[in-house]
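# Structural description and commentary
Chain by chain, the residues:
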Amino acid sequence: MSPRSESPAIRDEREDLYVLLRRTVLTRGDTHAMCRLAATPESASDEELTDRLLKALPRTDPRRAAVLYGRSHVARDADR
């Protein structure tokens, strides 16, 4: 089975691993790790992660633009 398998057992394990990774990243507050996680499809609509990342990044950090861009696309897609 591949990592993208839709087998219920594999899907549940993948979701459990994501929850653990997300919790660890948010707890540590490492901006690099938060940016990497925010760039994944699983995190596209994670408002808490986006909010924490925007608070942690300096206003002059170019990664803020990517976070804001992603947030605007999620909001736009939600309106459809």
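Whatever comes next refers back to the structure up there.
Okay, so let's go over this structure. (Residues numbered from 1 in each chain as written. Predicted model: local features only at pLDDT ≥ 70, side-chain atom pairs only at ≥ 80, totals over all residues. Heavy atoms only, no water.)

Over its 21 residues, helix H1 (residues 8-28) runs 30 Å from end to end, which matches the ideal 30 Å to within 8%, given 1.5 Å per residue. Every buried residue belonging to H1 is among Arg14, Tyr18, Arg22, Val25 and Leu26, and all of these are buried. Buried residues of H1, seen end-on, are gathered within an arc of 90° and therefore sit on one face of the element. Residues of H1 that are exposed and angled more than 90 degrees away from the buried face: Ala9, Asp16, Leu17, Thr27 and Arg28. Among the residues trailing H1, Gly29 stands out with phi positive, at a value near 70°. (Helix = DSSP H or I, 4+ residues; strand = E, 2+ residues; numbered from the N terminus. Expected span 1.5 Å × (residues − 1). Buried < 20%, exposed > 50% of the residue type's maximum accessible area, 1.4 Å probe, protein only. Arc of directions from axis to C-beta.)

Below, the discussion takes up the pattern of salt bridges. Summed over the entire model, instances satisfying the criterion amount to five salt bridges. The salt bridge involving Glu48 is made with Arg22; its shortest N-O contact spans 2.7 Å. Here Glu48 is found in helix H3 (residues 47-56), whereas its partner Arg22 is found in helix H1, with 26 residues between them in sequence. Taken together, the shared-partner salt bridges in this structure form one network comprising Glu6, Arg11 and Arg14. (Salt bridge = Lys/Arg side-chain N within 4 Å of Asp/Glu carboxyl O.)

The subject of this paragraph is the packing of helix H2 (residues 31-38) against H3. Contact pair H2 / H3: the axes reach a minimum separation of 10 Å and the direction vectors enclose 140°. Relative to H3, the crossing made by H2 is left-handed. Counting all contacts with H2, which are made through Thr31, Met34, Cys35, Leu37 and Ala38, the residues of H3 involved are Leu49, Arg52, Leu53 and Ala56. Of the residues assigned to the contact of H2 with H3, the class counts are seven nonpolar, one polar and one charged. (Axes fitted to C-alpha atoms, helices over the stretch in contact; angles between N-to-C directions. Left-handed = near helix turned anticlockwise from the far one by under 90°. Contact = heavy atoms within 4.5 Å. Nonpolar A, V, L, I, M, F, W, Y, C, P; charged D, E, K, R; others polar.)

Every buried residue belonging to H3 is among Leu49, Thr50, Leu53 and Leu54, and all of these are buried. Along the long axis of H3, the arc covered by the buried residues comes to 125°, so they all point the same way. Residues of H3 that are exposed and point more than 90 degrees away from the buried face comprise Glu47 and Lys55. Residue Asp46 occupies the N-cap position of H3, its side-chain oxygen lying 3.3 Å from the main-chain nitrogen of Glu48. (Polar contact = N/O pair within 3.5 Å; in protein donor to acceptor, adjacent residues only side chain to side chain.)

What follows is about the environment of Leu53. Examined against the element boundaries, Leu53 turns out to sit in helix H3. Excluding residues that lie within four positions of it along the chain, Leu53 makes contacts with Thr31, Met34, Cys35, Ala38 and Val67.

Any functional reading would require information that these geometric values do not contain.
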